[in-house]
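Listed below are the residues making up each chain.
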Amino acid sequence: MADRSQLQNDEQTPLLRGTSNNHAEENGTDAVPEEEFVHLNAQVKTWRRRRWISLIVSIILIIAFVVILILSGVLSRARRKPPAMVSSLCLTSDCIHASSEILYNLSPDYKTIDPCTHFDTLVCDGFNNRHDIPQDRSSYSTGTIMSENGQTTLRHILESPYPNTSQHSSFSPQNLMKQAVSTDEENFDMIQKAYNSCMNETSLQEIGVQPLVNLIEQVATSFPVAEGDSGSVEESDYAALSDTILLLQKIGIGAFVGLTAGADDKNPDVVIVQGYPAGLSLPSPEYYQDNDTVSTYQAMLGEVFSSLLPTNSSKASAEQLAHSVIDFEKKIAAVTPPPEDQSDVTKYYNIVKLADAGKIGPAIGLDSVVKGLVPQNYTADSLLLAFPEFLGNVSEIISNTSKATVQSYLVWQLVNEYSTYVEGPEVQPIIRFSNVLSGKDPDTKSERWKTSVSYVDNTLGWILSRFYIEAAFSDEAKKYGDQIILDIKHQFISKLNGLSWMDDSVKKLAVNKVNNIDQKIGFPTTSPNITDPEALRAYYSGLTISDSFFNNSLFSNAREVNRTWSALGKPVDHGEWGMQADIVNAYYNPVGNEIVFPAGIMQFPVFQLGLPSFTSYGAFASVAGHELSHAFDNSGRHYDEHGNFTDWWTNNTVQEFDKRANCFVEQYNNFTVQGNNGELLHVNGWLTLGENIADAGGVSAAFAAWKDRTASAPDQDLPGLDFFTQEQLFFVFYGNWWCGKTRKEQAIRGIYTDPHSPAFARVLGTTANSRAFRESFNCPVKEPTCELW
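Residues numbered from 1 in each chain as written. Predicted model: local features only at pLDDT ≥ 70, side-chain atom pairs only at ≥ 80, totals over all residues. Heavy atoms only, no water.

Peer 1: Can you walk me through the packing of helix H13 (residues 318-334) against helix H18 (residues 388-399) in this structure?
Peer 2: When two helices pack together, their arrangement is captured by the angle between the axes and the distance separating the axes. Interaxial distance between H13 and H18 falls to 10 Å at its minimum, and their mutual angle equals 155°. What the angle tells us is that H13 and H18 run roughly antiparallel. Crossing angle aside, the handedness with which H13 passes H18 is right-handed. Two secondary-structure elements touch here, H13 through Phe328, Lys331 and Ile332 and H18 through Phe390, Val394, Ile397 and Ile398. A breakdown of the residues in the contact of H13 with H18 according to their chemical character gives six nonpolar, no polar and one charged. (Axes fitted to C-alpha atoms, helices over the stretch in contact; angles between N-to-C directions. Helix = DSSP H or I, 4+ residues; strand = E, 2+ residues; numbered from the N terminus. Parallel < 35°, antiparallel > 145°, perpendicular 65-115°, else oblique. Left-handed = near helix turned anticlockwise from the far one by under 90°. Contact = heavy atoms within 4.5 Å. Nonpolar A, V, L, I, M, F, W, Y, C, P; charged D, E, K, R; others polar.)

And the structure:
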């Protein structure tokens, strides 16, 4: 082994040696020979070169690594389209709740399902697996859950004390003046009294059907049939029939022809009389061609007639009269215009002189009925009569029908409408038949509180709405809703300006129309202003609420009819709303050129403050865009910026529009639902055209609005949903709004009567028509199947 001194010298060379040498030189001893010094100096120079080379190489490697990281980040961002992928994670309770709801509703196999072909399954299979349709419903959906949540809120309002401590918004009780609070409490007491009158089932059962029988006697007295009279309706009976139709109209029942007063399509600031086809008890003419349905209907009608027709002889002939009434309705069904025609303004808009209407349908005497409905200080000389030929055909049918049949028909119209206001075995067959028609168990009955909440909402809806927004809405929510809709308008205008098929002159007018659309958010502030207790009291002045549920309903219906007709001779009230604030829905009114969004639809999961914006833009903004797109669908396009029905498009633009609209018709005609006996029923592409155009236009505008909004204010991500990009989540929240299940019978009804496509078709059709969807999910085909807006 080498000695210690040897090892130390070897370890310290060359550095320690140099130090030692300096020390030796200073002492004059142990000097290093010259040749060794030269060798050592050469080694030192070599070491120094190696150190510099090593340092330079290290620096180069570090620089290269940094460059690789930078390039990797740039490429990653290019692939993933930030800012969504570099956003922070939202871990608030609202965000966690939103994520959990989506994850519950997604298919368990959402990572493997092809979104380009089965997006409805991907988004909604979890919903379908964990939700059954309740016994008292014919369908169940995201919208149903929102509605039920709203109903529960209304129930808590109606069963709780006046909320005198609330102060979250300008309309809260704590922020009202003392006098206003007193009126507010009186209004609150009114809705509670109405609710309690409906909830008192014991009293209703004790009273039974007698109030309904009293009305039946009025109808029988107004249009009498002598004992044993089997003759047809004659000219001498016309006046009595007209008086009876008027009697029913005054309490909200349309017989043969529906009548109302509303804005003139061609002069939207003027209120005119309007008449339209009516008279069928079954949902649509197609039902009268189904033998099983007709057989069940006749059996029910026979039961009802045997206990509620006005005379013993008519009760004894209940089965025969039921058969003849159904035959009578079959004849009316055969001359009823199809629903797609009834919604086409170019087909239903017909102005006729009132005297001529009386001549077109002499058996009905529409001129006499209208004169009995209009205010005393108003003279009606004309009306909008949709499909005058229908009126003439029905008059002819009546003239060839027995008086007994017509009287039974009129009694049935009354009973069918007012049977929900009484309790008794006499009206149970109606409930059972209605349930069967909707696919429910015959003996299913809703919980009484649900019936009572709906009753109050239909009777004193604006007072109830006032307390609903107090519980479920806020000033901040209204501001956010306004912002979203302004964003939608901006995008729609941008889309219009970029269209190659629309002539420039039409574009200019279309942009003016968008800018002129009146957006109504949350709740009305005029006609009435529901945040003003005095305004609400004035709105319902003259309506007295008692302990009698039937009388409350009767008087409320009569008052509403009178309020509608009293608008004649006055300017159109553009401050009115057609839906209460709690309703989970929205609408576009072409005559008013307005879009309306009640607070009820501005709730989770469609709308909520505090969530990443792709949630509300995916759902609520798509709804907003949908309603705005109605201004330019196959019906809305006929109305100009002021709501006038007029011809403001060039022929070339109309042709280009029709060509693209026909694509939607053909596309949706291919969707089917299961009919009876295993047959497939096709969606009516013409009936649903307006809604399908609006669905596509709504999503397009909403997605563009969201992308613009997040360009300067990126969204946070939601936890647990990192499988999806934010662009994809926009569409997930859109699809989630349409998750639902429908009983077969209800789906069949929808095919015949509903201008909306089935929910699954609204998801699949709309996503197929969205370029943004196909690009977000990298579908093989990026071009939309059909496209207008």
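Peer 1: Please clarify how the state of the cysteines should be interpreted in this entry.
Peer 2: Chemically, a disulfide is nothing more than a covalent bond linking the sulfur atoms of two cysteines. Under the defined criterion, the tally for this structure stands at four disulfides. One disulfide in the model links Cys90 with Cys95; its S-S distance is 2.1 Å. In this structure the cystine formed by Cys90 and Cys95 twists about its S-S bond by roughly 80°; its chirality is therefore right-handed. The exposure class of Cys90 is buried, given its relative accessible area of 2%. The disulfide pattern of the protein chain is 1-2, 3-7, 4-6, 5-8 when the bonded cysteines are numbered in sequence order. (Disulfide = S-S within 2.5 Å. Buried < 20%, exposed > 50% of the residue type's maximum accessible area, 1.4 Å probe, protein only.)

Peer 1: What am I meant to see in the packing of aromatic side chains here?
Peer 2: Within a pair of aromatic rings, the relevant descriptors are the distance that separates the centres and the angle that separates the planes. Counted according to the given criterion, the structure contains 46 aromatic pairs. Judged by centre distance (5.1 Å) and plane angle (85°), the ring pair of Phe703 and Phe730 falls under edge-to-face. You can see Phe703 sitting in helix H29 (residues 689-712) and its partner Phe730 sitting in helix H30 (residues 726-736), a full 27 residues away along the chain. In this pair, the class of Phe703 matches that of Phe730, namely buried. Through a chain of ring-to-ring contacts, the aromatic side chains of Phe119, Phe614, Phe703, Trp706, Phe730, Phe731, Phe733, Phe773 and Phe777 assemble into a single cluster. A cation over an aromatic ring shows up here: Arg466 above the ring of Phe467, its NZ or CZ 4.7 Å from the ring centre. Above the plane of the ring of Phe523 lies Lys478, whose end atom (NZ or CZ) is 4.2 Å from the centre. (Phe/Tyr/Trp six-rings, centres within 6.5 Å; stacked < 30°, edge-to-face > 60°. Lys NZ or Arg CZ within 6 Å of the ring centre and 35° of its normal.)

Read these as spatial facts, not as claims about activity.
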